[in-house]
Amino acid sequence: MALAAPLGSALGLNFVATFMFACVVFVAVAMWTESKIARRRDAADAANAPQAPGTRPHNANDAAESDDAARE
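Everything in this summary refers to the structure shown in the same document. Keep in mind that this is a model prediction, so the values were computed, not measured.

1. What to know about the overall build of the chain
For the chain, the count of helices and strands is 2 helices and 0 strands. Within the chain, the proportion of its 72 residues that are buried is 7%. Total accessible area computed for the chain in this model is approximately 5,900 Å², and 64% of it derives from carbon and sulfur atoms.

This is the structure in structure tokens:
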């Protein structure tokens, strides 16, 4: 929010619009962060889960299942 407020002012938004812009940015970043945490938690749970007989093991380092653009 601290970075979004000056950006809103620089864009010429009034006080109310700047505040709303900063709130929207805060919620978007919070949701993105929660998504990243949940994906890592799910990957860790899947890597630690016991495998059923006859299934292929889950590879937690598989780039196709990563949301990290640097790994692709």
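2. A closer look at a nonpolar patch on the surface
Together, Met1, Phe15, Val16, Phe19, Met20, Phe26, Val27 and Met31 make up a nonpolar patch on the protein surface, roughly 910 Å² of accessible area in all. Relative to the assigned elements, Met20 resides in helix α2 (residues 15–48).

3. Things to note about the side chain of Thr18
Tracing the sequence through the fold places Thr18 in helix α2. Judged by relative accessible area, which is 8%, Thr18 ranks as buried.

Thresholds, definitions, all that
- Residues numbered from 1 in each chain as written.
- Predicted model: local features only at pLDDT ≥ 70, side-chain atom pairs only at ≥ 80, totals over all residues.
- Heavy atoms only, no water.
- Helix = DSSP H or I, 4+ residues; strand = E, 2+ residues; numbered from the N terminus.
- Buried < 20%, exposed > 50% of the residue type's maximum accessible area, 1.4 Å probe, protein only.
- Areas by Shrake-Rupley, 256 points an atom, 1.4 Å probe, with all protein chains shown as cover.
- Patch = residues over 30% accessible without salt bridge, like charges linked within 9 Å, V, L, I, M, F, W, Y side chains within 5 Å.
- Salt bridge = Lys/Arg side-chain N within 4 Å of Asp/Glu carboxyl O.

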